Amino acid sequence: MTRAAFPLQILAAAFLSGCRASGPAVLLWEETGGPYARNISTVLSDNRIAGTLYASPGKGEIAVSTTEGRSWGQLSAIPGAPEIRQLLQDPESPDRLFAATVTGAFVSPDRGRSWTPLLVGPAGTGIWILAIDPWSPAVIYAGTEAKGLYKSPDGGRTWNAINASPDLLLSGADVYDIGIDLSKPDFVFAAVSPYGIIHSTDGGATWKGLTPEFSATGSHAMRLVIRKNGNGTLLYGTTSGTVMKSTNGGSSWSLSRTSGDFDGILSLSVLPGTPDAVIAGTERGIILSSDFGGSWRPVGSNLPGIPTRVVAAGEGLHRTLFAYGSGLGLRASDDNGVSWRGADLNLGGSTVDVLASDPRGEHLFAAAGNVCMTYTAGSSGGWSEAGPGITGGNIHSLSVDPSVPGLAYATTAAGVF
């Protein structure tokens with residue numbers, strides 16, 4: 001087993017030519033051109049500069065594109081190289097970017113060129129989500145990993161725990177998402193494990209539960225979205241793929257979407273300029289609702305059915321969708337998901353967990369997450385996807401058939417493929 005990253009390189013002189021060296025070994029490395037940008041954890045569209053995007057391809061790195069994802073350049077790296085879960089831009093001070101990471105929250109005063117840690121909770125507390133109050137942008141909420149909720153009244157300089165509840169032990173909870181009602185000041189919703197959706201009407205001073213504490217299927221609320229001027233209309237999606245809808249601020253819920261196999265909701269957002277259009281990234285691709293959860297349909301039939309998150313930039317005829325995730329890289333759609341183009345040129349490499357080659361050295365197989373890539377030697381070769389993502393999680397091992405060129409076997413938690 002070999003592990004490589006940013007970008008994948010191989011021992012070309014020996015590995016691809018069959019190891020025919022007869023004298024002292026001379027290690028000559030050759031760039032193979034990929035696989036590229038397959039571990040992207042977050043993407044942010046600049047809300048003031050059209051066509052500018054920020055993304056993290058891993059190891060705390062921040063890349064920037066000023067061409068709607070057609071090309072990328074390295075911008076910076078967050079100290080400690082943590083996995084970045086979210087990038088967020090201050091709506092009133094667009095030079096200020098925030099990052100939620102597995103080791104804490106960070107702020108950049110210069111659009112991602114430099115980063116300073118924010119002291120949210122005990123040192124090293126992982127942050128799942130950050131949310132800026134549209135009514136008062138100096139107010140920021142943080143959802144943590146096993147430490148509940150925190151709030152800053154001063155743009156992130158100081159933070160206080162806001163876990164008060166008569167019947168929920170929020171101080172030990174994971175908070176995966178936070179939604180702030182644009183029509184009602186101090187109305188805040190959060191997706192919390194193990195309590196489901198919780199609600200505050202006083203800016204987080206107190207909370208109450210809106211959904212059952214436990215799910216019979218073992219799934220939990222993961223993402224939520226509030227309809228603008230919807231008078232208490234909101235959706236939440238779960239790790240099983242179920243989507244629930246409320247039209248009365250969470251007092252009662254109806255089924256918006258039933259779950260499928262391995263299709264948990266990974267992202268959930270309203271398309272800019274279209275308040276009833278909701279797009280969701282799932283464990284098996286992208287789904288879209290044009291009537292705020294009344295019905296759903298798949299989007300992006302030419303994308304692999306693997307874990308995908310999606311964000312939108314721009315509005316109306318100038319709207320672009322960006323799909324990303326581990327194993328997917330970054331794809332862009334300028335026609336609301338009908339067709340997709342690659343959007344990760346020079347964005348970065350993929351952490352490759354497993355490599356395997358056929359005996360003649362003509363084909364190299366690389367596993368990144370649950371996707372397998374193949375490399376063909378020669379002037380007409382290069383990297384390409386070996387089919388869609390494999391069911392059952394990350395690929396653990398690869399083996400190449402010695403007698404059938406191009407035939408490989410992979411194992412995941414779900415079995416052999």
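Residues numbered from 1 in each chain as written. Predicted model: local features only at pLDDT ≥ 70, side-chain atom pairs only at ≥ 80, totals over all residues. Heavy atoms only, no water.

1. Structural notes on the sheet that holds strand β36 (residues 408-412)
Think of a sheet as strands paired side by side through backbone hydrogen bonds, with each pair either parallel or antiparallel. Threshold: The pairing criterion for strands is at least two bridges between them, as found by DSSP. For helices the rule is a DSSP run of H or I covering at least 4 residues; for strands it is a run of E covering at least 2, with both sets numbered from the N terminus onward.
If you trace the three strands from one edge of the open sheet to the other, you get β35-β36-β37, paired in antiparallel fashion. Across the chains shown, the open sheet's two edge strands, defined by having one partner strand only, are β35 (397-400) and β37 (415-416). Across two bridges, the pairing between β36 and β37 is antiparallel. Bridging across to β37, threonine 412 finds its partner in glycine 415.

2. Overview of the side chain of lysine 245
To be explicit about the condition: Only protein chains enter the calculation, and the probe is 1.4 Å; a residue is then buried if its accessible area is under 20% of its type maximum, exposed if over 50%, and partly exposed in between. When charges are counted, Lys and Arg contribute as positive and Asp and Glu as negative, whereas His and the chain ends are disregarded. By convention in these notes, a salt bridge is any Lys or Arg side-chain nitrogen within 4 Å of a carboxyl oxygen on Asp or Glu. Within 3.5 Å is the distance limit for a polar contact, defined as a pair of N or O atoms, with the added protein rule that one can donate a hydrogen and the other accept it, and that residues adjacent in sequence qualify only through two side-chain atoms. Note on contacts: a residue pair is in contact if any heavy atoms of the two residues lie within 4.5 Å.
Turning to its location among the elements, lysine 245 is positioned in strand β21 (residues 243-246). No salt bridge is formed by the buried lysine 245; the nearest opposite charge belongs to aspartate 291, separated by 6.4 Å. Of note is the side chain of lysine 245, whose polar atom sits 3.0 Å from the backbone oxygen of phenylalanine 292. The contacts of lysine 245, once residues within four sequence positions are left out, are Thr233, Leu234, Leu235, Ser252, Trp253, Ser254, Ser256, Asp291, Phe292 and Gly294.

3. Quick look at the pattern of salt bridges
Using the criterion set out here, one finds eight salt bridges in the structure. For arginine 111, the salt bridge goes to aspartate 46, with nearest N and O atoms at 2.8 Å. Of the two residues, arginine 111 is situated in the loop between β9 (104-108) and β10 (116-118) and aspartate 46 in the loop between β3 (42-45) and β4 (53-58); the sequence distance between them amounts to 65 residues. Judged by its relative accessible area of 13%, arginine 111 falls in the buried class.

4. Things to note about a nonpolar patch on the surface
Definition in use: Any residue with relative accessible area above 30% and no salt bridge may belong to a patch, with like charges joined within 9 Å and the nonpolar Val, Leu, Ile, Met, Phe, Trp and Tyr side chains within 5 Å. Shrake-Rupley sampling with a 1.4 Å probe provides the accessible areas, and residues are treated as covered by the protein chains on show and by no other component.
A surface patch of nonpolar side chains, about 340 Å² in accessible area, is lined by Val404, Leu407, Tyr409 and Val416. You can see tyrosine 409 is positioned in strand β36. By relative accessible area, which is 39% here, tyrosine 409 ends up partly exposed.

5. Section: the nonpolar core
What counts, and what does not: Throughout this description, the term nonpolar core refers to a set of buried Ala, Val, Leu, Ile, Met, Phe, Trp, Tyr and Cys residues connected via side-chain atoms within 4.5 Å.
Membership of the largest hydrophobic core comes to 18 residues, with the highest contact counts inside it found for Leu149, Ile178 and Ile198. Those elements that place two or more of their residues in this core are β11 (127-132), β15 (174-180) and β16 (188-193). Excluding residues that lie within four positions of it along the chain, leucine 149 makes contacts with Ala142, Asn160, Ala161, Ile162, Asn163, Leu170, Val175, Ile178, Ala190, Ile198 and Trp207. One finds Leu271, Ala277, Val371 and Met373 within the second-largest nonpolar core, a separate group that totals 15 residues.

6. Description of the sheet that holds β4
Put simply, the test is: For helices, the fitted line uses only the C-alpha atoms of the stretch in contact; every axis is such a line through C-alpha atoms, and the angle between N-to-C directions lies from 0 to 180 degrees.
Pairing is antiparallel across the open sheet formed by four strands, whose spatial order is β3-β4-β5-β6. A single partner strand is all that each edge strand has here, and the edge strands are β3 and β6 (73-77). Taken pair by pair, the neighbouring strands of this sheet meet at an average axis angle of 25°, ignoring direction.

7. Digging into unusual backbone geometry
Negative phi values dominate among residues other than glycine, just as trans dominates among peptide bonds. A cis geometry characterises the amide bond from serine 193 onward to proline 194, with omega recorded as 15°. By secondary structure assignment, the location of proline 194 is in the loop between β16 and β17 (196-200). For aspartate 186, which is not glycine, the phi dihedral falls at a positive 70°. Note on placement: aspartate 186 falls in the loop between β15 and β16. Aspartate 186 gets classed as partly exposed once you look at its relative accessible area, which sits at 37%. Backbone geometry places asparagine 229, a non-glycine residue, at a positive phi of 55°. Following the sequence through the fold, asparagine 229 ends up in the loop between β19 (221-226) and β20 (234-238).

8. Brief notes about the packing of aromatic side chains
Any two aromatic rings considered together are summarised by their centre-to-centre distance and by the angle between their planes. Where we set the bar: By convention, a stacked pair of Phe, Tyr or Trp rings (six-membered ring in the case of Trp) has centres within 6.5 Å and planes under 30 degrees apart, an edge-to-face pair has planes over 60 apart, and any other such pair is tilted. Either the NZ atom of lysine or the CZ atom of arginine qualifies as a charge over a ring when it sits within 6 Å of the ring centre and within 35 degrees of the ring normal.
Under the counting rule described, the total for this entry stands at two aromatic pairs. Relative to tryptophan 253, the ring of tyrosine 236 has its centre 4.9 Å away and its plane inclined at 80°; by these criteria the two rings are edge-to-face. A residue pair is termed long-range when its members are at least 10 positions apart, and tyrosine 236 in strand β20 and tryptophan 253 in the loop between β21 and β22 (254-257) qualify at 17 residues. Tyrosine 236 gets classed as buried once you look at its relative accessible area, which sits at 11%. If you follow arginine 85 out to its NZ or CZ, it ends over the ring of tryptophan 128, 3.6 Å from the centre.

9. Regarding the side chain of serine 200
Tracing the chain through its elements places serine 200 in strand β17. At 2.8 Å, the side chain of serine 200 forms a polar contact with the backbone oxygen of threonine 206. Those residues in contact with serine 200 that lie beyond four places of it in its chain are Asp186, Phe187, Val188, Ala205, Thr206 and Trp207.

10. Quick look at the environment of glutamate 213
Assignment of secondary structure puts glutamate 213 in the loop between β18 (208-209) and β19. Through-space distance from the C-alpha of glutamate 213 to that of serine 193 is 8.5 Å; in sequence the pair is 20 residues apart. Not counting the four nearest positions on each side in its chain, glutamate 213 is found in contact with Pro194 and Tyr195.

11. A short note on the environment of leucine 44
Tracing the backbone through its elements, the reader meets leucine 44 in strand β3. Residue leucine 44 is classed as buried on the basis of its relative accessible area of 12%. Along the chain, leucine 44 and valine 311 lie 267 residues apart, while their C-alpha atoms are 7.8 Å from each other. Look past the residues within four positions of leucine 44 in its chain and what remains in contact with it is Thr52, Leu53, Tyr54, Leu87, Leu88, Gln89 and Leu97.

12. Examining the pairing of strand β24 (residues 278-282)
Counting buried residues in β24 gives five out of five residues, a clear majority hidden from the surface. Where burial is concerned, the two faces of β24 agree: the one with Val278, Ala280 and Thr282 and the one with Ile279 and Gly281 are both buried. For strand β23 (residues 265-270) and β24, the ladder comprises five bridges, and the chain directions are antiparallel. The residue of β24 that forms the bridge with isoleucine 265 is threonine 282. By the bridge criterion, five bridges tie β24 to strand β25 (residues 285-289) in an arrangement that is antiparallel. Note that in β25 the partner of glycine 281 across the bridge is isoleucine 286.

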